[in-house]
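Coordinate analysis (summary)
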Amino acid sequence: MHWAAGGGRLDVCRYLADELGLDPRAAQPGDGRTAMHWAARNGETATCEWLWRERGVDADATTRDGTPPFHWAVWRSRFETCAWLVETAGVNWRAKNAYGCNAAQWAAQSGDVAMLEWLRRLGLDFSALNANGHSAMHKAATRGHAAACRWLATRAGLGAEHMRADGDGNTPAVMARLEGFDELADELEETARRAAEEEERRGTTRDDEGRRATSEEGRATSDERRATSDERLGK
C-alpha cells in the first residue's frame with residue numbers, strides 16, 4: 001500500500017484495499033510512516049484525497065518522531081499537495097515534530113525560496129528554534145542554500161537569536177563551513193555581526209527610553225508632591 005501510494009498508483013491502492021483487504025491506515029512498524037506520508041511526499045494529491053476521504057486515513061498522522069505528511073510535502077516542494085492538505089484536509093500546518101521543527105525548517109532544508117514564501121504568506125512562525133537550538137537558518141546553512149539564508153534574514157526577519165550557536169556549539173556559519181560552503185560561511189558571519197550590532201542598538205535604545213520614562217515619572221511625582229504641599233499651606 002505504501003509503495004502504491006507513493007507511486008500515485010491509485011488503481012493499485014484500490015485493489016490492495018478492496019480485493020486483498022490491506023488497511024490503508026496501517027503505519028510502517030519501524031518509523032510509523034503511513035500511506036499518506038508517501039503520497040504527500042511525492043505530490044500524489046489524488047491519492048491523498050482517496051486515502052483521506054474514502055478510507056479515513058488521518059491527514060495529520062505522525063511518524064514515530066512526530067512528523068506529519070505536511071512536512072514531507074513541504075520538504076519536497078509539493079505545492080499542490082500542500083495546498084490540498086491545508087485547504088481541504090484542514091491539517092495543522094503549525095505542527096512541530098518531536099524535535100521541535102516546524103514546516104519552515106523543513107522548507108529551509110530544501111532551500112526552496114518559493115516554498116518559504118508560500119509558508120510566510122500562510123502565516124507560519126519562522127522564529128522557532130528546535131530542541132537543539134536550530135533555527136531555519138541553521139537548516140539552510142548546513143546544506144549550502146545561500147538564497148534561502150538571505151531570504152530568512154530579510155523576508156523572514158531572522159536575527160541575532162537565530163544566528164547563535166546551537167546546543168552543540170555550532171552557529172549557521174560554522175555549520176556551513178563544516179560542510180565545505182566557505183563562501184556562504186563568510187557571508188553568514190557578516191550577517192550575524194550586523195544582526196548582533198542591530199540587537200545591541202535596539203537594546204541601547206530601549207534602555208534610553210526606559211531611563212527617560214523613569215525620569216519623567218520622577219518629575220511627575222515631584223510635581224504632585226509640590227502641589228500637595230501647596231494645598232496644605234493654603235496657597
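This text goes with the structure placed above it.
Quantities reported herein were computed from a predicted structural model and do not represent experimental measurements.

**Quick notes on the overall build of the chain**
Scanning the chain from terminus to terminus reveals 13 helices and zero strands. Counting from the amino terminus, helix and strand elements in the chain follow one another as α-α-α-α-α-α-α-α-α-α-α-α-α. Buried positions account for 41% of the 235 residues belonging to the chain. Long-range contacts, defined as pairs at least 24 residues apart, comprise 67% of the intrachain contacts of the chain with a sequence gap of at least 6.

**Quick look at unusual backbone geometry**
Of note, the phi angle at Ser77 is positive, near 55 degrees, even though the residue is not glycine. By the element assignment, Ser77 lies in the loop between α5 (69-75) and α6 (79-87). Judged by its relative accessible area of 21%, Ser77 is partly exposed.

**With respect to the side chain of Asn102**
As for its position among the elements, Asn102 is in the loop between α6 and α7 (103-110). At 3.0 Å, the side chain of Asn102 and the backbone nitrogen of Ala104 are in polar contact. Leaving out residues up to four positions away in the same chain, Asn102 has contacts with His71, Arg94, Ala95, Lys96, Leu124, Asp125 and Ala128.

**A few points about the side chain of Asp166**
With respect to the helices and strands, Asp166 occurs in the loop between α11 (160-163) and α12 (172-178). Separated by 2.8 Å, the side chains of Asp166 and His134 make a polar contact. From its side chain, Asp166 meets the backbone nitrogen of Asp168 in a polar contact 2.8 Å long. Discounting residues that sit within four places of it in the chain, Asp166 has contacts with Asn132, Gly133, His134, His138 and Met175.

Rules used in this analysis
- Residues numbered from 1 in each chain as written.
- Predicted model: local features only at pLDDT ≥ 70, side-chain atom pairs only at ≥ 80, totals over all residues.
- Heavy atoms only, no water.
- Helix = DSSP H or I, 4+ residues; strand = E, 2+ residues; numbered from the N terminus.
- Buried < 20%, exposed > 50% of the residue type's maximum accessible area, 1.4 Å probe, protein only.
- Contact = heavy atoms within 4.5 Å.
- Polar contact = N/O pair within 3.5 Å; in protein donor to acceptor, adjacent residues only side chain to side chain.

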